[in-house]
Amino acid sequence: MTLLAVVSTTYAVSVPSVEAIPAFARKYSLNCTACHTAPPRLNTFGERFLENGYQLPGTEDGGITGKKNLGDLSLDDFANYTGVRLRGNVLRGHQFKQQNPPAAEAGVVQNNVELGFPEIFSLFTAGSLTKNIGFFAELESNLEESSTGIERAFVTFNNLGGTNVANIRVGRIDPSATFSFSTLRQQLEFVGDNLNPSTDTVQRAGLFPLAAAAKFYGLRNRSGTAISPYAPSLYNAVAETGVEVRGRPFGDWFMYQVGVLNGANEAFGDSNKGKDFYGAVRFDYARAANFSASLSGFAYLGNSNATILTGTGQADVNWHRYGIAAHLRYNMFDLYGLYTLDRVAHVPAAALSTFDTSASGLSVALDTYVTDRTLLSLRYDNMDAGGDLSQRTSQSFAGIQLKQYVRSNIALFARHDLNLRRAEDGSAAARNLRQVFFAGIDIAY
Amino acid sequence: MKAILFLALVLSAVQDLSPLHAEPQTGMLVGRVVYMGPAIPEQVVEVTRDSAFCGTQATLRPMTLHPKTRGLEGAVVSIDGVASPLSNPAVPALVLTNTRCAFTPRLAVGVVGQQVEIRNDDPIMHNTHISMGPRTLVNVAMIPASRPVGKPLKQSGIYTVKCDAHKFMQAHILAFTHPFFSLTDETGAFRIPSLPPGEHQVTIWHDTLGTVQQSVTIAAQGETHVTLEYPNHADARKQ
Amino acid sequence: MHAKRLKYVAILIITGLCASTAQAVKPTTNRDTLTEGRRIYEQTCAWCHGIGGEADGPAGWFIGRYSSPRPRNFLKDGYKLRSTASGDLPTDQDLFTLITRGIPGVMPAYRALNEQERWQVIAYLKSWNPAFEEEKPVPLTLPQAPSAPTETAIHNGRNLYVKYDCRVCHGDNGEGDGPEATAGHLRDGNNLPIRATNLTDPSAWKNGASAHDLFRTLMTGLDGTPMPSYANEFAGREEALWELVWYIQSLSGQQRK
């Protein structure tokens, strides 16, 4: 995998004079910024392209654009539906208030500055098979977490019953893709937390849009594996198996979305339980004055989608989430935020005294181009954590990042995250990580 | 015979009523545009291209003031809103020449439909780019000794003339849909004839000082004299 | 025999289809045309060009950010890509070609709109600019390219490239790095910084990359940019202009008819 990454990096850097860019940009001969404010963030045109199942807004071009006829078959060139992205930190510095809490693994919770290799490599393939049928698959390899696997993979069926009346997605989907705040479209990349594999306690806080995170301590999935409070989950999950319908039947100002998932943070194929349901609405203004705004709300109703440990064993609980989000974009500014409220229901009475059944989170981010090629990003995250009272620690972080685009598809960045809560001794990971510095690279080809 | 007499009577009556028949009363606006504020000094800019011919420096003169009268040369005085079609659209072309790395004249005034004729007297290439706001009127490469290029003024307003090859070259063309305009001479003087009497809004434009407006009342006959003063340039609205 | 007959039927059907597409000519503009044009425009074009055509759509700013290009303002701007003389409006066919081909880098090709829909959109966006009623744009006469380029012709073209100061913006080797470009002197009609086209990368040429496209670009100029029209210089000397065209094509090694 490393070799592949190195090869692709070299390739991306050495390709001459091509402006940009991954598959869609190649397919439509467009620069990244036709659809993105700054990748991976979408602008309004990009959002509507996504909603239309990877077809230009207002068209059903899936059958023609970019495709070549090969006998009975029409196909895009390979490059027109395949892209790669390599990103991650080449320099990492962590500073802690109190090092090595009890039972911490050596090397995880220490002041350190280390050099690394950009750790996340994703290969994705996406496009349209034919008119109104689109597909998306993403293979991601995370060197830091030594994991490789399919992240998202789904098929879309679009414009059923009329233009934008019903668009279906089936497969491993990210439900928040079309929400005002999309979990996956963040300028400040996810930085993984660290769980102690034997005690399941958090050793190092993760840097996430915390509103999208699990926010509960002591929650487990049905196979008994601990769910990290930093894991993106439920409606804000990165990829869950299910199906959803979405559309704007009354015009561009209103979107509905309803879906059913196998279950958040659920192993594939677990059908021994009910399904999770979600619904969302989104209101949009996007007409003129270089301005767009949206306001969305969702409700996610879990159905035995998590467990907690009781004195006697594991008990199923229903984990719900409600959230509102908004975005405002004006010229170079892109402001977006999400507030979520989580509830865990059906907690056995015996566990109620040690388990907080509610949690909430807030994430607000602002990206702005300070020059043609320099993107400044700020994010504020807050988590009022819930769950196991003995571990539970709330957290607030602020992050700032400067990203310099060397070319339209190659960016270098430097980032600093700061813990806003008072430093505490003890083993609370959310408090002892004081600040973090990263420098890295983001390449898309 | 009776009928003919009657017809003649009617006709003469109609003629009497007709305003066409009566000599219309018109006045003339005569005056001077003055500027009492501190003169904006000349600017010297570096010439980075074709210095062998254009010289290494170019002098930009933001305003030319008459030392005695404080009259402002190169201001355009105009009166809009008088219903009067252009009597003679077949006016001669406005000639705009690239000469010694400058436009001559630096300010031309004409009417919509009038031809602009662009010439190049220099032994170097110019690129005459005339535009109004974001819309180009014409953008032509002017090779040494090339034929003149003609283009009619399409709409009223202020055209900017630039040479994309030589940034320090600039001129303006103002186009009107009526004949009520005048360009001030070196003493700042101007005259606009054939104006109907009454109150009118006078617009004064200068490329450095911008636009100001003032109302004047034109006498029923003869000349109405007025001195139009530009406010200190800091207050003027740059068009 | 049966298969053969089917083949004929297929050919007939296909011919019929082609004929009917070719005949889908520009409809006359009426209220329905504008209503349909508006519907398509608002779903397709408004994201960049703005709901009122004023180049202020919610996605438009990001295309060039602090630089050129910005989306076309249909109320005020002139048009860069045309077949008409400098300063003139484009012909309907120019607009149709543009929507069909798109503009590399900044505007997708809208072949997915059928011909009628493209004409409807054109009628709608023209309705914002009264100049389309007053001016009757006439395309320049563009001759067919003569025989294939010779080495002498390309050499002559190089001399014209120098003589006409192309190198001042586009650079000695056509890489868009001439002294005026690198000095940051170039500005578009909105006074935004604009880059000189890299003549070694035809895939990014906004006005097309064929010899004919290049010839047209040199004749018409690109309004709203520093690129002037050379029509006056080459009137009656089309042969010389073809030489310049061939030289420019030789910079990328790509000859396209």
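Each chain has its residues counted from 1, running along the sequence as written. All chains are assigned letters beginning with A, and all ligands numbers beginning with 1, in the order in which they are written. Per-residue local features are limited, in this predicted model, to residues with pLDDT of at least 70; the limit for side-chain atom pairs, both in listing and counting, is 80 or more; totals at the level of whole chains, interfaces and linings are taken over all residues.

**Structural notes on the overall build of chain C**
Scanning chain C for helices and strands turns up 13 helices and 0 strands. The N-to-C order of helical and strand elements in chain C reads α-α-α-α-α-α-α-α-α-α-α-α-α. The contact criterion used here is simple: two residues whose C-beta atoms, placed from the backbone, lie within 7 Å are in contact. Contacts in chain C between residues far apart in sequence, at least 24 positions, make up 60% of those at least 6 positions apart. Secondary structure elements follow DSSP: runs of H or I no shorter than four residues count as helices, runs of E no shorter than two count as strands, and numbering proceeds from the N terminus.

**Some remarks on the overall build of chain A**
In terms of helices and strands, chain A carries 4 helices and 28 strands. Computed over C-alpha atoms, the radius of gyration of chain A comes to 22 Å, within 12% of the 22 Å expected from 2.2 N^0.38 for 445 residues, which places it in the range of a compact globule. Principal axes of the C-alpha set define a box for chain A whose edges measure 65 × 45 × 45 Å. Think of it as a crowd count around each C-beta: if 20 or more other C-beta atoms lie within 10 Å the residue is buried, if 12 or fewer it is exposed, and in between it is partly exposed, with C-beta placed from the backbone throughout. Counting all 445 residues of chain A, 49% fall into the buried class. Nonlocal contacts in chain A, meaning residues at least 24 apart in sequence, comprise 59% of its contacts between residues at least 6 apart. As defined in this context, the radius of gyration uses C-alpha atoms, and a globule is described by 2.2 Å times the residue total to the power 0.38.

**Topic: the confidence of the model for chain C**
Predicted coordinates in regions of low pLDDT should not be interpreted in detail. Residue and element names in this part refer to chain C. Here pLDDT means the predictor's own confidence in every residue, given as a number from 0 to 100. When pLDDT is averaged along chain C, the result is 88; 89% of the residues meet or exceed 70. Mean pLDDT across the elements of chain C bottoms out in helix α1 (residues 2-22) (43) and peaks in helix α3 (residues 46-49) (97). Low pLDDT, under 50, characterises residues 8-24; the stretch is placed with 3 contacts to residues that sit more than four places away or in other chains.

**Focus: the interface of chain C and chain B**
Chain C puts 21 residues into the contact, and the matching count from chain B is 21 residues. For this classification, Asp, Glu, Lys and Arg are treated as charged, while Ala, Val, Leu, Ile, Met, Phe, Trp, Tyr, Cys and Pro are nonpolar and the rest, including Gly, are polar. Among the residues forming the side of chain C that touches chain B, the class breakdown is 5 nonpolar, 11 polar and 5 charged.

**Description of the environment of V109(A)**
Secondary-structure assignment places V109(A) in the loop between β5 (82-96) and β6 (112-115). C-alpha of V109(A) to C-alpha of K97(A): the two residues are 12 residues apart in sequence and 9.9 Å apart in space.

**Remarks on helix α13 (residues 238-252) of chain C**
Residue and element names in this part refer to chain C. With 15 residues, α13 extends 22 Å from end C-alpha to end C-alpha; this agrees with the ideal 21 Å at 1.5 Å per step. Within the span of α13, buried status applies to L241, W242, E243, L244, V245, W246, Y247, I248, Q249 and L251. Just beyond α13, the residue with positive phi is G253, at close to 70°. By this rule the span expected of a helix is its residue count minus one, scaled by 1.5 Å.

**Things to note about the confidence of the model for chain A**
Put simply, chain A has an average pLDDT of 87, and 90% of its residues get 70 or more. Contacts of residues 1-21 of chain A to residues separated by more than four positions or lying in other chains number 33 contacts, the stretch itself having pLDDT below 50.

**Let's talk about the pairing of strand β16 (residues 254-261) of chain A**
Residues and elements named next belong to chain A. Judged by which residues are buried, β16 turns out to be one-sided: M255, Q257, G259 and L261 face inward and are buried, whereas F254, Y256, V258 and V260, on the alternate face, are not. DSSP calls a pair of strands paired once it identifies at least 2 bridges connecting them. Pairing between strand β15 (residues 240-247) and β16: 6 bridges, direction antiparallel. Note on β16: the bridge partner recorded for V243 is V260. The hairpin turn running from β15 into β16, its antiparallel successor, is 6 residues long, and G251 in that turn takes a positive phi close to 115°. In the sheet, β16 pairs with strand β17 (residues 276-285) via 8 bridges, with the strands oriented antiparallel. Each residue of the ladder has a partner; that of L261, found in β17, is D276.

**Looking at the packing of helix α5 (residues 92-101) of chain C against helix α6 (residues 115-126) of chain C**
All names here are of chain C. Their axes nearest at 10 Å, the elements α5 and α6 cross at an angle of 120°. In terms of orientation, α5 and α6 fall into the oblique class. Considering the relative orientation of α5 and α6, their crossing is right-handed. Between α5 and α6, the residues in contact are D92, L95, F96, I99 and T100 and R118, W119, V121 and I122, respectively. Counted by class, the contact of α5 with α6 contains 6 nonpolar, 1 polar and 2 charged residues. Where helices are involved, their axes are fitted lines through C-alpha atoms of the stretch in contact, as for all axes, and angles between N-to-C directions lie from 0 to 180°. Here roughly perpendicular refers to angles of 65 to 115 degrees, roughly parallel to angles under 35, roughly antiparallel to angles over 145, and oblique to all remaining angles. Helix crossings get a hand from a simple test, with the near helix turned counterclockwise from the far one by less than a right angle marking a left-handed crossing and a clockwise turn marking a right-handed one.

**Examining the sheet that holds strand β8 (residues 102-104) of chain B**
Residues and elements named next belong to chain B. One open sheet accounts for 4 strands, arranged β8-β7-β10-β13; its pairing is mixed. On the outer flanks of this sheet lie β8 and β13 (149-152), each paired with one strand and no other. Here the average twist between neighbouring strands, direction ignored, is 25°. Strand direction decides the pairing type here: strand β10 (residues 115-120) and β13, joined by 4 bridges, are antiparallel. Counted as the bridge partner of E117 is G150 from β13.

**Quick word on the domain arrangement of chain C**
Residues and elements named next belong to chain C. Here chain C is partitioned into domain 1 (31-134) and domain 2 (151-252). Note: domain ranges come from an automatic or database domain assignment. Centre-to-centre, using C-alpha coordinates, domain 1 lies 25 Å away from domain 2. Taken together, the 18 residues of domain 1 in the interface contact 20 residues of domain 2. For the side of domain 1 that touches domain 2, the class distribution of residues is 5 nonpolar, 9 polar and 4 charged.

**Thoughts on the sheet that holds strand β11 (residues 126-132) of chain B**
All names here are of chain B. One open sheet holds the 5 strands; their spatial order is β9-β15-β14-β11-β12, and the pairing between them is mixed. Since the sheet does not close on itself, it has two edges, and those belong to β9 (107-111) and β12 (135-142), each with one partner. In this sheet, neighbouring strand axes are inclined to one another by 20° on average, regardless of whether the strands run parallel or antiparallel. Bridge count between β11 and strand β14 (residues 157-163): 4 bridges; the pairing is antiparallel. Looking at the pairing, I130 lines up with V161 of β14.

**Concerning α6(C)**
Residues and elements named next belong to chain C. End to end, α6 covers 17 Å across 12 residues, agreeing with the expected 16 Å (1.5 Å per residue, within 8%). Burial analysis of α6 places 9 of its 12 residues in the buried class, the great majority of the element. What α6 keeps buried is the set R118, W119, Q120, V121, I122, A123, Y124, L125 and K126. Buried residues belonging to α6 abut α2 (31-44), α5 and α7 (131-134).

**Quick look at the packing of helix α11 (residues 211-220) of chain C against α13(C)**
Residue and element names in this part refer to chain C. In contact at an axis separation of 9 Å, α11 and α13 are set at 120° when each is read in the N-to-C sense. Considering their axes alone, α11 and α13 lie oblique with respect to each other. Here the hand of the crossing between α11 and α13 comes out right-handed. Mapping the contact onto sequence places A211, L214, F215 and L218 in α11 and L241, W242, L244, V245, I248 and Q249 in α13. Its residues assigned to classes, the contact of α11 with α13 comprises 9 nonpolar, 1 polar and no charged.

**A short note on the nonpolar core**
Counting 104 residues, the largest nonpolar core has F45(A), A213(A), A214(A), F216(A), Y41(C) and V121(C) as its most contacted members. For this core, the leading source of residues is α6(C), giving 6 residues. Throughout this description, the term nonpolar core refers to a group of buried Ala, Val, Leu, Ile, Met, Phe, Trp, Tyr and Cys residues whose C-beta atoms join them within 7 Å. Within the second largest apolar cluster, 75 residues are counted, among which are I130(B), V149(B), F190(B) and M219(C).

**Regarding the pairing of β5(A)**
Residues and elements named next belong to chain A. Examined bridge by bridge, β5 and strand β7 (residues 120-130) share 6 bridges and lie antiparallel to one another. Note on β7: the bridge partner recorded for R87 is I120. Sheet topology note: the β5/strand β28 (residues 433-444) ladder contains 11 bridges and is antiparallel. By the bridge assignment, L91 is partnered in β28 with A439.

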